[in-house]
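# Examining the three-dimensional arrangement
For reference, the chains in residue letters:
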Amino acid sequence: MIGSLLDKIQLAFSRFKNDKEYSELVRTSSLALLVRMVGVITGFFVTVFTTRFYGADALGIVAICIAILSFASVFGKFGLDVALMKYVAEFSVEKKLSMVKAAYIAAMKVILPISFLISLILFYTADFISIHLLHKPYLKNLLQVNAWLTLPLVLILVNSECVRGFKKIKTYTFFQTVSVSLIAMFLLFILSYYYSNKEIPTYIQFLSIAITGCVSTFVWFHYSGFLKVNSASEFSTSTLLKISSPMFLTTLMQLIMSWAGTLILAAYNTDSDVGVYNALIRISVFTNVTILAINSLAMPRFVEAFSSGKILLLEKNAKEAARLILFSAIPAFVLLFFFPHFILSIFGKEFPGNEMALYVLLVGQLIVASVGLPSQLLNMTGRQSILRNIALVSALINVIACLLLIPHFGLMGACIAQVIGIFAWNLLSVFEVKRRLGFFSFFNPFS
């Protein structure tokens, strides 16, 4: 058995030396992972600072605002971020920067007015949302400020995806996972010594998002030569929308699965429970910290392999990505499984006692780590409508589970509902990849 393991390790090193595709995947993923790890560390400190200095209820308020803002941003970008990424990747290979600029302008013609309209709607409905939906009237003023962060968050998401189209994976990962939490960490570190108002962490998040939105725009302009290149003949907005529409629905359903538990729990339970639940979510996803880094490199590769008709290369890339995700997740799983009480105690006195809820969430993350990237495979190979249907079914299952479980079981009910939704999404995605592309997306260690 030991000899077999050594043979596998030796084979892996040999492949790293001789297989260009595999070695580039490992190298680039490792660099993106380092950036992602910075995001995890800064996010961890932001959560700890918030709960230690302001309490779990302060973290709950942040989570509620970010949940609403996340939904607003999905409508604001309307799936155009991923659609742009595909076109930027295509045009950058052909050195057509004028077409890149034209596509970006076409997207902004949709994004800017929609984002402004959404901000207006959220601003004028803040009273209704805070009183009648969340039963927390004291959140009205925060929700009104929150409304105007829609466009900055949309710009972060769109600009980072465009940067990914140029294969600037470290920069993409920085804006997706590090920038906001890094700024928030420094601001919290300074302000926590002077202000004790529990709304301070939320305002810090607002400011961090606004700053990152501006910085991401300047960085995108730099990479694309936006101010130096003349735009090509007008790019068809309808072309972008044709691709973005199914992606919009898919992303919306993903977001429902991510935040339904938070918002439904907020309607039934205290801000403190919402804060503990979101801290548990953040702790559990530490296990899959590598996914975004590997995914950011794998998606353009999926597009290239599929568009070239190289299904065997597509399968190879998918399984190599799955292997890296699974192996890199194991250390964090071991740590969280054996030392949950110690880890939870770091966040404050409200957190120990929720070890079983953390174990439930770890089951969900183990599912995610085991299946590879099936939904991304469907998305990048023209199966957006199939993924949309999977997302609709999974989100519906998740919301029904939340509505049935949270009123009776509170925080634990939210955790169970989260895992049920994750299981449905990944199981359906794996079988559709097998059905449409002819292979399973997960890595089989026995093959």
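Up top is the structure these notes are about.
Residues numbered from 1 in each chain as written. Predicted model: local features only at pLDDT ≥ 70, side-chain atom pairs only at ≥ 80, totals over all residues. Heavy atoms only, no water.

## Examining the overall build of the protein
The condition is simple: Counting from the N terminus, the helices are the DSSP runs of H or I reaching at least four residues and the strands are the DSSP runs of E reaching at least two. Both definitions apply: the radius of gyration is a C-alpha atom measure, and the globule rule equals 2.2 Å times residues to the power 0.38. Think of it in three bands: residues with accessible area under 20% of the maximum for their type are buried, residues over 50% are exposed, and the middle band is partly exposed, with areas taken using a 1.4 Å probe on protein chains only. Contacts are residue-level and defined by heavy atoms, with any inter-residue pair within 4.5 Å sufficient. Charge counting treats Lys and Arg as positive and Asp and Glu as negative, with His and both chain ends excluded. Think of each charge as sitting on NZ of Lys, CZ of Arg, CG of Asp or CD of Glu.
Within the protein, the secondary structure is distributed over 18 helices and zero strands. In terms of overall size, the protein behaves like a compact globule, its C-alpha atoms giving a radius of gyration of 22 Å where 447 residues would be expected to give roughly 22 Å. Along the three orthogonal principal directions, the C-alpha set of the protein runs to about 60 × 55 × 40 Å. Buried residues in the protein amount to 57% of all 447 residues. Residue pairs in contact within the protein that sit at least 24 positions apart in sequence constitute 84% of those at least 6 positions apart. Side-chain charges in the protein split into 34 positive and 20 negative, and the spacing between the mean points of these groups amounts to 7 Å.

## Some details on helix α8 (residues 150-165)
We apply this condition: Each residue after the first adds 1.5 Å to the expected span of a helix.
The terminal C-alpha atoms of α8 lie 23 Å apart, and with 16 residues this matches the ideal 22 Å at 1.5 Å per residue to within 8%. Most of α8 sits out of view: 15 of its 16 residues are buried. Just past α8, the residue K167 takes up positive phi, approximately 65°.

## Considerations on the environment of V48
Along the chain, V48 falls in helix α2 (residues 20-53). On the accessibility criterion, V48 (14% relative accessible area) is buried. Considering only alpha carbons, one finds V48 and M185, 137 residues apart in sequence, at a separation of 9.9 Å. Beyond its immediate chain neighbours, meaning those up to four positions away, V48 contacts I346 and F347.

## Considering the packing of helix α3 (residues 56-77) against helix α5 (residues 97-124)
Note the cut-off: An axis is simply a line fitted to the C-alpha atoms; with a helix, the fit covers only the stretch in contact. Between two such axes, the angle follows the N-to-C directions and lies from 0 to 180 degrees. Two helices crossing with the near one rotated counterclockwise from the far one by less than a right angle form a left-handed crossing, whereas a clockwise rotation gives a right-handed crossing. When residue character is reported, Ala, Val, Leu, Ile, Met, Phe, Trp, Tyr, Cys and Pro are called nonpolar, Asp, Glu, Lys and Arg charged, and the others, Gly included, polar.
Following both chains from N to C, one finds α3 and α5 inclined at 145°, their axes separated by 8 Å at the closest point. Judged by the twist between their axes, the crossing of α3 over α5 is right-handed. Between α3, through I68, A72, F75, G76 and K77, and α5, the contact on the second element is made entirely by I111, I114, S115, I118 and L122. In terms of residue class, the contact of α3 with α5 is made up of seven nonpolar, two polar and one charged.

## Some remarks on the nonpolar core
Rule in force here: Among buried residues, those of type Ala, Val, Leu, Ile, Met, Phe, Trp, Tyr and Cys that are joined through side-chain atoms within 4.5 Å constitute a nonpolar core.
Ranked by internal contacts, the top residues of the largest apolar core, which has 128 residues, are Y104, W220 and L240. In terms of residue count, helix α18 (residues 384-437) provides more of this core than any other element does, 18 residues in total. Beyond its immediate sequence surroundings of up to four residues, Y104 is in contact with L84, L155, V158, N159, C162, W220, F221 and F226. One finds A58, A184, M185 and L188 within the second-largest nonpolar core, a separate group that totals nine residues.

## Remarks on the pattern of salt bridges
Condition: Salt bridges are defined by distance alone: a side-chain nitrogen of Lys or Arg within 4 Å of a carboxyl oxygen of Asp or Glu.
Here the structure, examined in full by the defined rule, presents seven salt bridges. With its nearest N and O atoms 3.7 Å apart, the salt bridge here joins K198 to D57. One end of the pair, K198, is in the loop between α9 (169-191) and α10 (200-224); the other, D57, is in helix α3, with 141 residues separating them in the sequence. For K198, a relative accessible area of 31% translates into the label partly exposed. For the salt bridge of R164 with E161, the shortest nitrogen-to-oxygen distance reads 2.8 Å. In this pair, R164 and E161 both sit in helix α8, three residues apart, roughly one turn of the helix.

## Quick notes on unusual backbone geometry
In this structure, H135 takes a positive phi of about 55° despite not being glycine. For H135, the location among the structural elements is in the loop between α6 (126-133) and α7 (140-147). The phi dihedral of K167 falls on the positive side, at around 65°, and the residue is not glycine. Structurally, K167 can be placed in the loop between α8 and α9. Residue class for K167 comes out partly exposed when judged on its relative accessible area of 46%.

## Regarding the side chain of S441
Formally: Polar contact is the term for a pair of N or O atoms within 3.5 Å; when the atoms are in protein, one must be able to donate a hydrogen and the other to accept it, and sequence-neighboring residues count only if both atoms are side-chain atoms.
Positionally, S441 belongs in the segment after α18. Exposure remark for S441: the relative accessible area of 0% places this residue in the buried category. A polar side-chain atom of S441 sits 2.7 Å from the main-chain carbonyl oxygen of V371. With near-sequence residues (within four places) excluded, S441 lies in contact with A318, K319, A322, V371, G372, P374, L377, V430 and V433.

## Focus: the packing of aromatic side chains
The condition is simple: Side-chain rings of Phe, Tyr and Trp, where Trp is taken by its six-membered ring, are said to pair if the distance between their centres is within 6.5 Å; with planes under 30 degrees apart they count as stacked, over 60 as edge-to-face, and otherwise as tilted. Lysine NZ or arginine CZ positioned within 6 Å of the ring centre and within 35 degrees of the ring normal marks a charge as sitting over the ring.
Taken as a whole and assessed by the stated rule, the structure comprises 22 aromatic pairs. Each residue in the set F44, F45, F286, F347 and F351 is aromatic and connected to the rest through ring pairs, giving one cluster. One Lys or Arg, K101, reaches over the ring of F226 and ends 4.9 Å from the middle of that ring.

## Here we look at a nonpolar patch on the surface
Inclusion rule: Patch membership needs two things, relative accessible area over 30% and no salt bridge, and members are linked within 9 Å if like-charged or within 5 Å if nonpolar (Val, Leu, Ile, Met, Phe, Trp, Tyr). Each accessible area value is a Shrake-Rupley result obtained with a 1.4 Å probe; residue values ignore everything except the protein chains displayed when judging cover.
Together, F327, I330, V334, L335, F337, F338, F339 and F342 line one region of the surface with nonpolar side chains, adding up to about 850 Å² of accessible area. Looking at which element gives the most residues to the nonpolar patch, the answer is helix α14 (residues 311-338), with six residues.

## Quick notes on the environment of V334
On the secondary structure map, V334 appears in helix α14. Expressed as a C-alpha distance, the spacing of V334 and A67, which sit 267 residues apart in the sequence, is 30 Å.

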